[in-house]
Amino acid sequence: MCSVNDKVLIRACKTEGRALITLDMGFTNTLVFDPSQYPGIAVLRLPSSGTLEDVHAGVRTLIAGLARADIAGKLWVIRRRRIREYQPDQS
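In this text, all values refer to a predicted model and were calculated from it rather than measured experimentally.

Peer 1: Help me understand a positive patch on the surface in this model?
Peer 2: On the surface, a cluster of positive charge is contributed by Arg45, Arg79, Arg82 and Arg84. By secondary structure assignment, the location of Arg79 is in strand β3 (residues 75–79).

Peer 1: Help me understand the side chain of Asp54 in this model?
Peer 2: Mapped onto the fold, Asp54 is located in helix α2 (residues 52–68). Excluding residues that lie within four positions of it along the chain, Asp54 makes contacts with Leu46, Pro47, Ser49 and Arg80.

Peer 1: Whenever I open this one, α2 confuses me. Can you help?
Peer 2: Counting along an α-helix, one turn takes 3.6 residues, and residues three or four places apart therefore face a common direction. Relative to the 24 Å expected for 17 residues at 1.5 Å per residue, α2 spans 25 Å between its end C-alpha atoms, a close match to the ideal helical length. Where α2 is buried, its residues meet β1 (20–22), β2 (41–44), β3 and β4 (82–85).

Peer 1: Can you walk me through unusual backbone geometry in this structure?
Peer 2: With the exception of glycine, the majority of residues adopt a negative phi angle, and the majority of peptide bonds are in the trans configuration. With phi around 65°, Ser3 is a residue other than glycine that occupies positive phi space. With respect to the helices and strands, Ser3 occurs in the segment before α1 (6–16). With a phi angle near 60°, Arg81 is a residue other than glycine that sits in the positive phi range. Here Arg81 shows up in the loop between β3 and β4. Judged by its relative accessible area of 69%, Arg81 falls in the exposed class.

Peer 1: Just checking my understanding: could you explain α1 for this structure?
Peer 2: Looking only at α1, the buried set comprises Leu9, Ile10, Ala12 and Cys13. Taken down its axis, α1 places every buried residue within 155° of arc, on the same side. Looking at the buried side of α1, the elements it contacts are β1 and β2. In the stretch just after α1, Gly17 is the one whose phi turns positive, near 70°.

Rules behind the numbers
Counting from 1, residues in each chain are numbered in the order their sequence is written. Local features in this predicted model are restricted to residues whose pLDDT is 70 or higher, and side-chain atom pairs enter the listing and the counts only when it is 80 or higher, whereas totals over whole chains, interfaces and linings include all residues. Where side-chain values are given, they derive from all heavy atoms of the structure, hydrogens and water being excluded. Exposure above 30% relative accessible area and the absence of a salt bridge qualify a residue for a patch, where like charges join within 9 Å and nonpolar side chains (Val, Leu, Ile, Met, Phe, Trp, Tyr) within 5 Å. Under the convention used here, a 1.4 Å probe and the Shrake-Rupley method define accessible areas, while residue burial counts only the protein chains that appear. A side-chain nitrogen of Lys or Arg and a carboxyl oxygen of Asp or Glu constitute a salt bridge if their distance falls within 4 Å. Counting rule for charge: Lys and Arg are taken as positive, Asp and Glu as negative, and neither His nor the chain ends is counted. By convention, the point assigned to a charge is CZ for Arg, NZ for Lys, CD for Glu and CG for Asp. Here a helix means four or more residues in a row that DSSP labels H or I, a strand means two or more in a row labelled E, and each is numbered from the N terminus. Should any heavy atoms of two residues lie within 4.5 Å, those residues are counted as being in contact. In a helix, the anticipated span is given by 1.5 Å times the number of residues less one. Each residue's exposure class comes from its accessible area (1.4 Å probe, protein chains only) as a fraction of the maximum for that residue type: buried when under 20%, exposed when over 50%, partly exposed otherwise. When we speak of the arc, we mean the arc of directions from the helix axis to the C-beta atoms.

Rendered as structure tokens:
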């Protein structure tokens with residue numbers, strides 16, 4: 001689904017019950033993509049001059065996170081050895 005519109009892509013993920021793993025920081029906009037509506041969104045955040053090793057480190061971090069927690073309904077922003085989980089405002 002390369003070059004497809006973001007909303008078409010996330011709708012396909014929802015329909016198929018698949019979490020989205022992407023490098024596209026646009027999916028961190030929770031006003032557009034409310035994580036609670038999807039099977040999970042994981043955004044790999046690489047350094048500005050990211051290398052293949054940075055991608056591998058991000059994927060290893062994602063795999064370790066999935067071994068500990070369920071991503072369904074959540075937004076994870078993943079950096080090397082760190083996952084930041086979006087927490088909706090409870091007010």
